[in-house]
There are 2 protein chains.
Amino acid sequence: MTPDRRKPLEATVAALRDALGADAVRVGDAIGERSMTDWTRHAPTRPAALLLPRSTEDVARALAICHDAYQPVVPQGGMTGLAGGAIPAATDIALALDRFAGVEELDTAAATLTVRAGTTLQVAQEAAIAAGFELALDLGARGSCQIGGNLATNAGGNRVIQSGTARDQVLGLEVVLANGAVLSSLGKMVKNNTGYDLKHWFIGSEGTLGVITRAVLRLHPQRAARHTALVALDGYDAAVALLRRLTQRFGNDIAAFEIMWPDFYDFGVTLTASGRSPFAAAHPLYALIEHAGFDADDAGERFSTALTDALETQTIRDAVIAQSVADARALWAIRECTAEFPVRLDPINFDVSVPIGEIGGFVDRCRAALDRRWPGNVTYFFGHIGDSNLHLTVDGRSVPGVAHDDVYAFVYDMLAPLHGSVSAEHGIGLLKRAYLPVSRSREELAAMAAIKHALDPHGILNPGKVL
Amino acid sequence: MTPDRRKPLEATVAALRDALGADAVRVGDAIGERSMTDWTRHAPTRPAALLLPRSTEDVARALAICHDAYQPVVPQGGMTGLAGGAIPAATDIALALDRFAGVEELDTAAATLTVRAGTTLQVAQEAAIAAGFELALDLGARGSCQIGGNLATNAGGNRVIQSGTARDQVLGLEVVLANGAVLSSLGKMVKNNTGYDLKHWFIGSEGTLGVITRAVLRLHPQRAARHTALVALDGYDAAVALLRRLTQRFGNDIAAFEIMWPDFYDFGVTLTASGRSPFAAAHPLYALIEHAGFDADDAGERFSTALTDALETQTIRDAVIAQSVADARALWAIRECTAEFPVRLDPINFDVSVPIGEIGGFVDRCRAALDRRWPGNVTYFFGHIGDSNLHLTVDGRSVPGVAHDDVYAFVYDMLAPLHGSVSAEHGIGLLKRAYLPVSRSREELAAMAAIKHALDPHGILNPGKVL
């Protein structure tokens, strides 16, 4: 972005009104709070204008005008992000796809769903289910988040161990480049080796390389049988051994493998309806495991047998297997105490990834280092271990007077030697930009900058985010 | 590439000798035939020099020298490609990774294999199996092809329906850019949303954006039970119905779903040991299906039952289920008659992809059009339908005097309105470059060119390929 070349905002807004129609360009109070910040609630800012295009062509016209005017544009989805990637600056123009929503086609032979970017994840999920399929992407924000944002951030969520991230669900993508050129690669084919696979350039680029307008998503068959267990373990090595043992027996029918360290587990239990742990004793580590298969007649005997075998060989210390949907919900409620973090804690959240085998050691070193640095800190460790994704949350109230940034820097410093990732799933956005060099080398950052410049030479797309 | 800026070859070769050592730089007769062409046997050409680097640093030094000299470089793997992507021009320098081979690490906790680019696929497969895992990438060329080439071409092969293409096996990648900068993104993490996912830029780019030197590959648990069946069908719609029915019951335990049209099937049968079809009657269409699960105790009852159900509901006309490994091999032998194509035919091969639901109609129209245009043509249709990948092979001997290019153009013209792909898995390379616009729009090609220029401003990497 070259601010001195930027044309006057008034002229740009006038040109946008001419191109899109007056009702598609909002300014001032007509811009609602939703456009000002995301679920981080970080510094809400009213953008200079909000565009509400109705078509890919509208998006193309809008970007061509902004490109010519050197006018920064912030693409916005459902505003449920956790990295500030869609928060505007006051001089930015926000571009929301709310009016370009809906399912365009469900192809049962190809097992694909063609959707517009403004479609909420839940609407897409429901369309898949109505046709006898499943969309293998699910997040807590499903009712608000939009497919465009899901893909722009390569969302993770609840089913990654089984079916991969948002990226893995995409067969075709339509993107508008900064200059208004439309790349329409909406193929439904699984295999397509005709030149560079452009969709991968944009998925996960957080709106800095193009605006996603449509996608062809892969559908999966519905899994008819689901079994849930809570397992008590001796420690982290036992958890990895169990994970390998279960995937050896069940492949990606293992749908969740969520590890909870005791502080987290105990906090989670206190928030459940019963307030009691399903185990009589306390244990060094807990795993919440879900098995989901296609055989509707599977009552879970093989899964139970696998856990019984693990008990007998002392791979695990104890296990509780849900006997009903209500049982399963009660076990999940322990893990889902995270929904209460924003109201019960002053959460300093981490979303890191570390090679699976090194997570246990990292947690131990990290806890010890935090205790030395800030005695009395309260920190919860938990994660999607099958995906190499560790979450930790420091309660800011337990480290009064300490800036959140100091905590971030402290933990990320410990991550660097492991070649860990400062963002497993939430993305970099605005809030983690300073920490990107922890996970990316100088050469990688230079290559990213070269690509950014090639695809967005005027630097108008989401400036100040990611890079 | 700007030929007029190119420095004299002698000076470049001398600089390469200084940097890599004399034995790592071959010229003239010291360059074997293997470096001159690939499995297409297209116009063998001796490159101006052959580099045999021993390390990533060697590759970096070599590319930095060639970048400064505006000297074209052709990266080469096992030379088993089917699109001419690694065939040099006489003024190119070839760069082979044969000396940078071998498994560097197998991490059983992370389920990853870190390999050097010059490692053959088979060596990598064997390392995975020895540790109790599987590499979910398999090709006929496994003994010769190299991991670097597999990833540079996003190889497909035998297991795509179950586990995806080569791209889907990659967690981390090390690449040397044209200017010698090393992008080392060798993370073992499944989830990593820290800026652009660089590995995807290079996978499938056929050596035009960088030279892959190392990779971290994802390992899968071994599938303990395997069941094979040959099925006779009424037609293509029945095949799609059966595919959906089986994936609904077995998910990605369906490991192969190979469709054979009668001409292909009959030809295949004549080449088997018995020379006889397992079915008493002839049928409109045949499917070879493999089920591969994790339960070692599964004798295949559920798979047999699914086929019996399909017979009863008339989704299929007949089925033969292999009762032994020998039976299964005999059924596969029909499909694998393609190995005989080069010696028994003058094959004009197509490797296209079309949305699954449209393949049947495309085959019918294509056959009718070929018969009108070239009466008496002999054409075999078959494909990995679960992957949307159709192969067809015209026997050039049946259309004497017709240029292969005329046949290519004729078939690709029929593909364009379906938004099909001229290369599902083999890539574009040298041989399909003229047909890339059938599958890619002007805007897509312009975006590819912009990216190519950003990452390889002197145009030294595999010039004349893909773009």
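Residues numbered from 1 in each chain as written. Chains lettered and ligands numbered in written order. Predicted model: local features only at pLDDT ≥ 70, side-chain atom pairs only at ≥ 80, totals over all residues. Heavy atoms only, no water.

Next up on the list: the overall build of chain A. On a plain count of helices and strands, chain A comes out with 15 helices and 18 strands. Relative to the 2.2 N^0.38 estimate, which gives 23 Å for 467 residues, the radius of gyration of chain A is 23 Å and therefore close to what a compact globule would have. The principal-axis extents of the C-alpha atoms in chain A amount to approximately 75 × 60 × 40 Å. Counting the 467 residues in chain A, one finds 59% classified as buried. For chain A, restricting intrachain contacts to residue pairs at least 6 apart in sequence, the fraction spanning at least 24 positions comes to 74%. Looking at chain A as shown, the accessible area adds up to about 16,800 Å², and 51% of this sits on carbon and sulfur atoms. (Helix = DSSP H or I, 4+ residues; strand = E, 2+ residues; numbered from the N terminus. Rg over C-alpha atoms; globule rule 2.2 N^0.38 Å. Buried < 20%, exposed > 50% of the residue type's maximum accessible area, 1.4 Å probe, protein only. Contact = heavy atoms within 4.5 Å. Areas by Shrake-Rupley, 256 points an atom, 1.4 Å probe, with all protein chains shown as cover.)

Let us look at the pairing of strand β6 (residues 112-116) of chain A. Residues and elements named next belong to chain A. Burial of β6 is extensive: four of the five residues sit out of reach of the surface. Direction of pairing for strand β5 (residues 103-107) relative to β6: antiparallel, over a ladder of four bridges. Considered in β6, the bridge of Leu106 is made with Leu113. In this structure, the hairpin formed by β5 and β6 is closed by a connection of four residues, where Ala111 is found at a positive phi of approximately 60°. In this structure, β6 lies alongside strand β10 (residues 211-218), joined through five bridges in antiparallel fashion. From the neighbouring strand, Leu113 faces β10, where its bridge partner is Leu217. (Pairing = 2+ DSSP bridges.)

Moving on, we come to the sheet that holds strand β1 (residues 25-26) of chain B. Adjacent strands of a sheet pair through backbone hydrogen bonds, lying either parallel or antiparallel. All names here are of chain B. The four strands are arranged β1-β2-β4-β3 in an open sheet whose pairing can be described as mixed. Each end of this open sheet is capped by a strand with a single partner; those strands are β1 and β3 (73-76). Across two bridges, the pairing between β1 and strand β2 (residues 49-51) is antiparallel. Note that in β2 the partner of Val25 across the bridge is Leu51. Against the sheet, helix α2 (residues 56-68) engages β2, β3 and β4 (93-96), with an angle of about 165° to β4. (Axes fitted to C-alpha atoms, helices over the stretch in contact; angles between N-to-C directions.)

Our focus in this paragraph is the interface of chain B and chain A. Tallying the contact residues gives 84 residues for chain B and 84 residues for chain A. Three residues stand out in chain B for area buried against chain A, namely Lys191, Asn193 and Tyr196 of chain B, and they jointly supply 16% of the buried area on that side. Along the contact surface separating chain B from chain A lie eight salt bridges. Joining chain B to chain A, the criterion identifies 38 residue pairs in polar contact (both at pLDDT 80 or more). Contributions of two or more residues to the side of chain B that touches chain A are made by β9 (182-185), α6 (199-202), α7 (236-250), α14 (436-439) and α15 (442-455) of chain B. Looking at side-chain class alone, the side of chain B that touches chain A contains 34 nonpolar, 34 polar and 16 charged residues. (Buried area = accessible area lost by both parts, 1.4 Å probe. Salt bridge = Lys/Arg side-chain N within 4 Å of Asp/Glu carboxyl O. Polar contact = N/O pair within 3.5 Å; in protein donor to acceptor, adjacent residues only side chain to side chain. Nonpolar A, V, L, I, M, F, W, Y, C, P; charged D, E, K, R; others polar.)

This model, assessed by the stated rule, comprises 58 salt bridges over all chains. Glu340 of chain A serves as the salt-bridge partner of Arg344 of chain A, at 3.0 Å between the closest nitrogen and oxygen. Across the pair Arg397 of chain B and Asp395 of chain B runs a salt bridge, and its minimum N-O distance is 2.7 Å. Note on Asp395 of chain B: relative accessible area 3%, which makes it buried. Here the salt bridges share partners, and the residues they tie into one network are Glu104, Arg116, Glu174 and Arg214 of chain A.

It is worth spelling out the relation of the copies chain B and chain A at this point. Superposition of chain B onto chain A requires a rotation of 180° combined with a translation of 0.0 Å along the rotation axis, giving an RMSD of 0.0 Å. Given the turn and translation reported, the copies of this chain are related as if by a two-fold rotation axis. In this assembly the copies share their binding face: 100% of the residues contributing to the interface of chain B also contribute to that of chain A. (Least-squares fit on C-alpha atoms with pLDDT ≥ 70 in both.)

Two faces, one strand: in a regular strand the side chains alternate between the faces of the sheet. All names here are of chain A. Summarising burial for strand β18 (residues 389-395): seven of the seven residues are buried, a large majority. Burial along β18 is two-sided: Asn389, His391, Thr393 and Asp395 facing one way and Leu390, Leu392 and Val394 facing the other are all buried. Here strand β17 (residues 379-384) pairs with β18 via six bridges, running antiparallel. What sits directly across from Thr379, in β18, is Val394. Between β17 and β18, which follow one another and run antiparallel, lie four residues, and Ser388 among them has a positive phi close to 65°.

Moving on to the UniProt feature "domain: FAD-binding PCMH-type" (unreviewed entry) in chain A. UniProt records the feature "domain: FAD-binding PCMH-type" (unreviewed entry) for residues 43-222 of chain A in the present numbering. For the annotated span residues 43-222 of chain A, helix accounts for 21% and strand for 24% of the residues, and the straight-line distance between the end C-alpha atoms is 41 Å. (UniProt positions renumbered as here; feature names shortened; annotations may be inferred.)

Residues and elements named next belong to chain A. With 15 residues, helix α12 (residues 359-373) should reach 21 Å at 1.5 Å per residue; the first-to-last C-alpha distance of 21 Å fits that figure. Along α12, the positions that sit buried rather than exposed are Ile359, Gly360, Phe362, Val363, Cys366, Ala369 and Leu370. Contacts from the buried residues of α12 go to α7 (236-250), β17, β18 and α13 (404-415). (Expected span 1.5 Å × (residues − 1).)

Turning our attention to the packing of helix α15 (residues 442-455) of chain A against α15 of chain B. For the pair α15 of chain A and α15 of chain B, interaxial distance at closest approach is 9 Å and the crossing angle is 140°. Taken together, the axes of α15 of chain A and α15 of chain B are oblique relative to one another. Considering how the two elements wind past one another, α15 of chain A and α15 of chain B form a crossing that is right-handed. Every residue of α15 of chain B that contacts α15 of chain A at Ala450, Ile451, Ala454 and Leu455 of chain A is listed here: Ala450, Ile451, Ala454 and Leu455 of chain B. (Parallel < 35°, antiparallel > 145°, perpendicular 65-115°, else oblique. Left-handed = near helix turned anticlockwise from the far one by under 90°.)

Here the structure, examined in full by the defined rule, presents 36 aromatic pairs over all chains. In textbook terms, an aromatic cluster arises when at least three aromatic residues are bridged by ring pairs, as seen for Tyr196 and Trp201 of chain A together with Tyr196, Trp201 and Phe202 of chain B. (Phe/Tyr/Trp six-rings, centres within 6.5 Å; stacked < 30°, edge-to-face > 60°.)

So, about unusual backbone geometry. Residue and element names in this part refer to chain B. One non-glycine residue, Tyr70, lies in positive phi territory at about 50°. The residue Tyr70 is located in the loop between α2 and β3 in this model. Residue classification places Tyr70 among the buried positions, given a relative accessible area of 11%. Of note in the backbone geometry, Glu206 takes a positive phi value of approximately 55° without being a glycine. Mapped onto the secondary structure, Glu206 falls in the loop between α6 and β10 (211-218).

Turning our attention to the domain arrangement of chain A. Residue and element names in this part refer to chain A. The assigned domain composition of chain A is domain 1 (3-99 + 451-455), domain 2 (103-221), domain 3 (225-338) and domain 4 (345-427). For domain 2 versus domain 4, the separation of C-alpha centres amounts to 31 Å. Of all residues in domain 2, Gly157, Ile161 and Glu206 give up the largest surface area on contact with domain 4, accounting jointly for 56% of the area buried on that side. Applying the counting rule to domain 2 against domain 4 returns zero salt bridges. Our enumeration of links across domain 2 and domain 4 arrives at two residue pairs in polar contact (both at pLDDT 80 or more). Classifying every residue of the side of domain 2 that touches domain 4 by side-chain character gives two nonpolar, four polar and one charged. (Domains from an automatic or database assignment.)

Once that is clear, we can look at the sheet that holds strand β12 (residues 225-233) of chain A. All names here are of chain A. Strands sit in the order β15-β12-β14-β13-β17-β18-β16 across an open sheet of seven strands; the sheet is antiparallel. Because the sheet does not close on itself, it has two edges, and the strands there are β15 (318-321) and β16 (347-353). Across this sheet, the average inter-strand angle for adjacent strands is 15°, counted without regard to direction. In this structure, β12 lies alongside strand β14 (residues 285-293), joined through nine bridges in antiparallel fashion. Looking at β14, one finds that Arg226 is bridged to Ala292.

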